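An overview of the molecular structure
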Amino acid sequence: MPEQRVTLITLGVRDLQASRAFYRALGWRPAQEQEGVSFYQMHGAALALFGLDDLADDMDRPVGELRTGAVTLAQNFASEEDVDEAWHRAMQAGAKAIKVPQATSWGGYSGYFADPDGHVWELAMNPFWPLAADGSLTLPPR
């Protein structure tokens, strides 16, 4: 089994119902929901929203030690228009704008927003990384 893989990304959230509503407004639909956690199927992996207190308990850590770190989740798109559309959907859902989508120094187009718990998402179009028809990304050879 390959070592370079992530199968589940878990975001600790203060208010699970509010986070569920936020991600629903972005167009995300849960594959499974249980008390205290929601799971969203992605391409070959899953995203979970887990109540912060429950996540701290699961880790056997004090909730005060759990903070958002210097991590960015990203969605790549095929066009600048697709980035802008996703950006507007996020703003309508109540995201906090960090950086409005714009041309980048590396030749692409991207912007950043934070979800209700401060988890940062990048929306980007990278002309050097073509996407498959299903939206998946395979890094091109150098």
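Residues numbered from 1 in each chain as written. Predicted model: local features only at pLDDT ≥ 70, side-chain atom pairs only at ≥ 80, totals over all residues. Heavy atoms only, no water.

**What about the nonpolar core?**
Cut-off, in case you're wondering: The nonpolar core is taken to be a set of buried Ala, Val, Leu, Ile, Met, Phe, Trp, Tyr and Cys residues, with the residues joined through side-chain atoms within 4.5 Å. Only protein chains enter the area calculation, which uses a 1.4 Å probe; residues under 20% of their type maximum are buried, those over 50% are exposed, and those in between are partly exposed. A run of H or I in DSSP becomes a helix once it reaches four residues, and a run of E becomes a strand once it reaches two; helices and strands are each numbered from the N terminus.
Counting residues in each nonpolar core, the largest one holds 23 residues, and the members touching the most others are Tyr23, Leu26 and Phe113. Of all the secondary-structure elements, those providing two or more residues to this core are β1 (8-13), α1 (16-25), β4 (46-51), α3 (80-93), β7 (109-114) and β8 (120-125). Broken down by element, the residue count for this core peaks at five residues, all from α3. Counting seven residues, the second-largest nonpolar core is a separate cluster that includes Val37, Ala48, Phe50 and Leu52.

**Remarks on the sheet that holds β1**
So the rule is basically this: The pairing criterion for strands is at least two bridges between them, as found by DSSP. For helices, the fitted axis covers only the stretch in contact; all axes are lines through C-alpha atoms, and the angles between them, taken along N-to-C directions, range from 0 to 180 degrees. Residue contacts are defined here by distance: any two heavy atoms, one from each residue, within 4.5 Å place the two residues in contact.
With mixed pairing, the four strands of this open sheet are ordered in space as β1-β4-β3-β2. Edge positions in the sheet fall to β1 and β2 (32-34), since each of these pairs with one other strand and no more. Within this sheet the neighbouring strands show an average axis-to-axis angle of 15°, counted without direction. With six bridges connecting them, β1 and β4 associate as parallel partners. The partner of Val13 across the bridge, within β4, is Gly51. Contacts from α1 reach β1, β2, β3 (37-41) and β4, with the element oriented near 20° to β3. In the packing of helix α2 (residues 52-59) onto the sheet, the strands contacted are β1 and β4, and the crossing angle to β4 comes to about 100°.

**A short note on the side chain of Ser38**
Selection rule: Polar contact is defined as a pair of N or O atoms within 3.5 Å, subject to the rule that within protein one atom must be able to donate a hydrogen and the other to accept it, and that residues adjacent in sequence are counted only when both atoms are side-chain atoms.
Positionally, Ser38 belongs in strand β3. According to the relative accessible area criterion, Ser38 is buried, its value standing at 0%. Polar contacts involving the side chain of Ser38 include one to the side chain of Arg20, which spans 2.5 Å. Side-chain polar atoms of Ser38 contact the side chain of Glu33, separated by 3.0 Å. Apart from the residues lying within four places of it in its own chain, the contact partners of Ser38 are Leu16, Arg20, Gln32, Glu33, Leu47, Ala48 and Leu49.

**Remarks on the environment of Phe77**
Tracing the chain through its elements places Phe77 in the loop between β5 (72-76) and α3. Judged by its relative accessible area of 18%, Phe77 falls in the buried class. In the structure, Phe77 is positioned 26 residues away from Gly51 in sequence and 29 Å away in space, judged by C-alpha atoms. With sequence-adjacent residues up to four places away left out, Phe77 is seen in contact with Asp82, Val83, Ala86, Leu123, Ala124, Met125, Asn126 and Leu131.

Remember that the coordinates give geometry; whether it matters functionally is a separate question.
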